[in-house]
Amino acid sequence: MTLNAPKTLLILFFASASLARGQDPPSEETIAFYEQNCMSCHTIGGGRLTGPDLKGVSERQTREWLVGFILDPKKVIDSGDTYAAEILRESRGALMTKVPGIDRTLAEKLLSFIDAESAKETSRYAGLQVSDRPLTDADIARGRRLFLGKDRFEGGAPACVACHTVNGLGGLGGGRLGPDLTSAYARLEGRNALAAWLSAPPSAVMQPVYRKHPVESEEILALVAFLKNTAESGSSDAPPATLSFLLAGFGGAIALLLVFDFLWRKRYRAVRRPLASGRLALDRQS
Amino acid sequence: MNDFVLLGVLPYIAVVVFLLVTIQRYRMKGFSYSSLSSQFLENQHHFWGSVPFHYGILVVLLGHVIGFLMPTAILSWNAEPVRLLILEVTGIAFAILTLVGLVNIVLRRMTNRLARRVTTWSDLAVYALLLVQVISGIAIAVFEGWGSSWFATSLTPWLWSLIKLSPDVSYVAPLPGIVKVHIVNAFLLIGFFPFTRLVHVLVVPNPYLWRKTQVVIWNWDRSRLRKTT
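None of these values were measured; they are calculated from a predicted model.

Section: the overall build of chain A
Within chain A, the regular secondary structure consists of 15 helices and zero strands. For chain A, with 286 residues in total, the buried portion stands at 41%.

Below is the structure:
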């Protein structure tokens, strides 16, 4: 196949020019970006989750402020902005993460998209895609197995235990890279926010991993059931197992050193040292 | 410093330097490929340095390589909490063994007169890099566990993105500082590798593992020899 270079360039030029304009219907990339990065903490017209409801957000603040906040939430909060401080307080201190890959153009597009969705009677982003059926004991048990990795996530996502622990796991507990999730259910104020969070984990470490391996809605329900149960039964965070782990490591290392000492117990003693000191049997015979 | 420079550019610089200088040194100064062992100068303290260090680092490195080449195998193994614990405790035990060996190696170098005399600046650089590497690795295992699992999910995709020449640092950029220290220092080690005694890793006489034993016997009277000289 031969490519018509000038024609291809022309198409590319117009394609990029149309992407750059904000007022067009939102592109698939913008929607995908919203679903991947915003939906886990915000609704449009469905009430607050971890973060505030975004319906009519442009009426609450200027476009410039909103873009600045989306680009770097922490910077705006640290600047002493009173509105930002209030949002943070309402979110119980859950700081919005700086989204990887965000820039001014994309922030503008996202706001236009949110405005368009706000104008609708009911946005499809008003509610969750996760069922609101009652949680059962079977859900709790499945959630625990999913958390530990005994049951695999359908989408191939890694088990929670790799980075998180909760009270009551036994052994040396779960991983320590991420936060203890014993009180996650309480921190996120319940089922909806937690389920939304799990549908597209927005944390910087989890996002790249779970983007390619999303957790299914039934699995989310099981995890929510497990974490709800943990929050309600376990009083405090799991005690840190770092010391026991380190001691186990030292124990293993000492055992290995003893093995080396035993395996090489004749090291340099049978031949070399007597040889060097002139006490080898062969020498004495002469 | 910029995450992209450290995690998306430095690895390439390190690997290019490694390849070019390794080959150049082999072609120009092939006989300098040596561990420059000082075992003949002192062999008692040496045992408690070299042996634990080498067995430790071999097992720990093997773990990293398996995590890189077979991430799903590691995750399947870790799917049972008891197996995860076995793997992690084995890892930390061999890591501590490595550190014990390394500390002994450094102490011996500093305290033994003969060993100190044959120590070069490149040796000191190797010790500094290795100490940072091993200590940061242990700190990660202890404070940021369970690394065997999250290495497979966060580090492996990033490493493959490097190999595919489209570095995606989003996997590793948000990880804790100590993990980035471990990563960046690893690539510094790779970059410095061909300038140091570490090149002996490439010329390990593996056939010694399975060749027939050779016994060296002096069949002349050594005491008479000594008297006459």
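A closer look at the interface of chain A and chain B
Taken residue by residue, the interface counts 43 residues in chain A and 42 residues in chain B. When chain A packs against chain B, the two sides together hide about 3,800 Å² of surface, and 68% of this comes from carbon and sulfur. For the pair chain A and chain B, the number of links is one salt bridge. Glu80 of chain B is the partner of Lys150 of chain A in a salt bridge, and the nearest nitrogen-oxygen pair spans 3.8 Å. Where chain A packs against chain B, one counts nine residue pairs in polar contact (both at pLDDT 80 or more).

So, the confidence of the model for chain A
Residues and elements named next belong to chain A. Within chain A, residue pLDDT values average 81, and 86% of them lie at 70 or more. At the low end of the mean pLDDT range in chain A sits helix α1 (residues 5-20), at 49; at the high end sits helix α13 (residues 242-263), at 95. Across residues 12-22, confidence stays below pLDDT 50; counting only partners more than four residues off in sequence or on other chains, it has five contacts.

Section: the environment of Leu7 of chain B
Residues and elements named next belong to chain B. Its place among the elements puts Leu7 in helix α1 (residues 3-28). By relative accessible area, Leu7 is classed as buried at 0%. In contact with Leu7, not counting residues within four places along its chain, are Trp158, Leu162, Val169, Val172, Ala173, Lys180, Ile183 and Val184.

A word on the nonpolar core
Counting residues in each nonpolar core, the largest one holds 56 residues, and the members touching the most others are Phe147 of chain A together with Leu7, Trp150, Leu155, Trp158, Ile183 and Phe187 of chain B. For this core, the secondary-structure elements that each account for two or more residues are α8 (137-148), α9 (184-187), α10 (191-199), α11 (206-212) and α12 (217-233) of chain A together with α1, α7 (147-163) and α8 (177-192) of chain B. Counting residues per element, this core draws most heavily on α12 of chain A, at seven residues. Contacts of Trp158 of chain B, omitting those with residues within four sequence positions, involve Leu7, Pro11, Asp168, Val169, Tyr171, Val172, Ile183 and Phe187 of chain B. Counting 27 residues, the second-largest nonpolar core is a separate cluster that includes Ala95, Leu102, Val126 and Leu189 of chain B.

Some details on the packing of aromatic side chains
Tallied over the full model, the rule gives 16 aromatic pairs over all chains. Geometrically, the ring pair formed by Trp65 of chain A and Phe69 of chain A is stacked, given 5.1 Å between the ring centres and 10 degrees between the ring planes. Remark: Phe69 of chain A and Trp65 of chain A occur in helix α4 (residues 63-71); sequence separation between them is four residues, near one turn of the helix. There is no split in this pair, since Trp65 of chain A and Phe69 of chain A are both buried. Note on Tyr26 of chain B and Tyr33 of chain B: the rings are 4.9 Å apart at their centroids and 90 degrees apart in plane angle, and the pair reads as edge-to-face. Assessed through its relative accessible area of 10%, Tyr33 of chain B is described here as buried. Here the aromatic cluster, defined as three or more aromatic residues joined through ring pairs, consists of Phe260 and Trp264 of chain A together with Phe47, Trp48 and Tyr55 of chain B. Note that Arg265 of chain A overlies the ring of Phe262 of chain A, its terminal NZ or CZ placed 4.3 Å from the centroid.

Comments concerning the packing of α1 of chain B against α7 of chain B
Residue and element names in this part refer to chain B. Interaxial distance between α1 and α7 falls to 11 Å at its minimum, and their mutual angle equals 55 degrees. As the angle between them shows, α1 and α7 are arranged oblique. As α1 packs across α7, the resulting crossing turns out to be right-handed. Facing α1, whose interface residues are Leu7, Gly8, Pro11 and Tyr12, α7 presents Trp158, Ser161 and Leu162. A per-class count over the contact of α1 with α7 returns five nonpolar, two polar and no charged.

As for the side chain of His46 of chain B
Residues and elements named next belong to chain B. Mapped onto the elements of the fold, His46 is located in helix α2 (residues 44-69). Since its relative accessible area comes to 13%, His46 is described here as buried. Ignoring anything within four residues of it in the chain, the contact list for His46 reads Ser37, Gln39, Val51 and Arg108.

A short note on the confidence of the model for chain B
With 99% of its residues at a pLDDT of 70 or more, chain B shows a mean pLDDT of 92. Interface scoring of the predicted complex returns ipTM 0.88; its pTM is 0.80.

Some thoughts on the pattern of salt bridges
According to the stated counting rule, one finds 14 salt bridges over all chains in the structure shown. Of the charged contacts in the structure, one is a salt bridge between Asp151 of chain A and Arg145 of chain A, with a shortest N-O distance of 2.9 Å. A salt bridge links Arg197 of chain B to Asp123 of chain B; its shortest N-O distance comes to 3.5 Å. Of this pair, Arg197 of chain B sits in the loop between α8 and α9 (222-228) while Asp123 of chain B sits in helix α6 (residues 121-143); the two residues are 74 residues apart in sequence, bridging distant segments of the chain. Like Asp123 of chain B, Arg197 of chain B is buried. Salt bridges here are not isolated pairs; linked through shared partners, they connect Arg63, Glu108 and Asp115 of chain A.

Examining the side chain of Arg176 of chain A
For Arg176 of chain A, the position within the fold is in the loop between α8 and α9. Glu88 of chain B is the oppositely charged side chain nearest to the buried, salt-bridge-free Arg176 of chain A, at an N-O distance of 5.9 Å. Among the polar contacts listed, one links the side chain of Arg176 of chain A to the backbone oxygen of Ala141 of chain B, at a separation of 3.1 Å. The residues contacting Arg176 of chain A, other than those within four sequence positions of it, are Cys163, Thr242 and Phe245 of chain A together with Ala141, Val142, Phe143, Glu144, Gly145 and Trp146 of chain B.

Structural notes on a nonpolar patch on the surface
A contiguous nonpolar surface patch, about 500 Å² in accessible area, is contributed by Val259, Phe262, Leu263 and Trp264 of chain A together with Tyr55 of chain B. Ranked by residue count, the leading element in the nonpolar patch is α13 of chain A, at three residues. Within the secondary structure, Phe262 of chain A sits in helix α13.

Topic: unusual backbone geometry
Residue and element names in this part refer to chain B. The amide bond that connects Gly145 to the next residue, Trp146, takes the cis arrangement and shows omega of -5 degrees. Residues other than glycine seldom take positive phi values, yet Leu36 does so here, at roughly 50 degrees. Tracing the backbone through its elements, the reader meets Leu36 in the loop between α1 and α2. Of note, Leu165 is a non-glycine position whose phi angle comes to about 60 degrees, a positive value. Secondary-structure assignment places Leu165 in the loop between α7 and α8.

Scoring rules and cut-offs
- Residues numbered from 1 in each chain as written.
- Chains lettered and ligands numbered in written order.
- Predicted model: local features only at pLDDT ≥ 70, side-chain atom pairs only at ≥ 80, totals over all residues.
- Heavy atoms only, no water.
- Helix = DSSP H or I, 4+ residues; strand = E, 2+ residues; numbered from the N terminus.
- Buried < 20%, exposed > 50% of the residue type's maximum accessible area, 1.4 Å probe, protein only.
- Contact = heavy atoms within 4.5 Å.
- Buried area = accessible area lost by both parts, 1.4 Å probe.
- Salt bridge = Lys/Arg side-chain N within 4 Å of Asp/Glu carboxyl O.
- Polar contact = N/O pair within 3.5 Å; in protein donor to acceptor, adjacent residues only side chain to side chain.
- pLDDT = per-residue confidence, 0-100.
- Core = buried A, V, L, I, M, F, W, Y, C linked by side-chain atoms within 4.5 Å.
- Phe/Tyr/Trp six-rings, centres within 6.5 Å; stacked < 30°, edge-to-face > 60°.
- Lys NZ or Arg CZ within 6 Å of the ring centre and 35° of its normal.
- Axes fitted to C-alpha atoms, helices over the stretch in contact; angles between N-to-C directions.
- Parallel < 35°, antiparallel > 145°, perpendicular 65-115°, else oblique.
- Left-handed = near helix turned anticlockwise from the far one by under 90°.
- Nonpolar A, V, L, I, M, F, W, Y, C, P; charged D, E, K, R; others polar.
- Lys, Arg positive; Asp, Glu negative; His and termini not counted.
- Patch = residues over 30% accessible without salt bridge, like charges linked within 9 Å, V, L, I, M, F, W, Y side chains within 5 Å.
- Areas by Shrake-Rupley, 256 points an atom, 1.4 Å probe, with all protein chains shown as cover.

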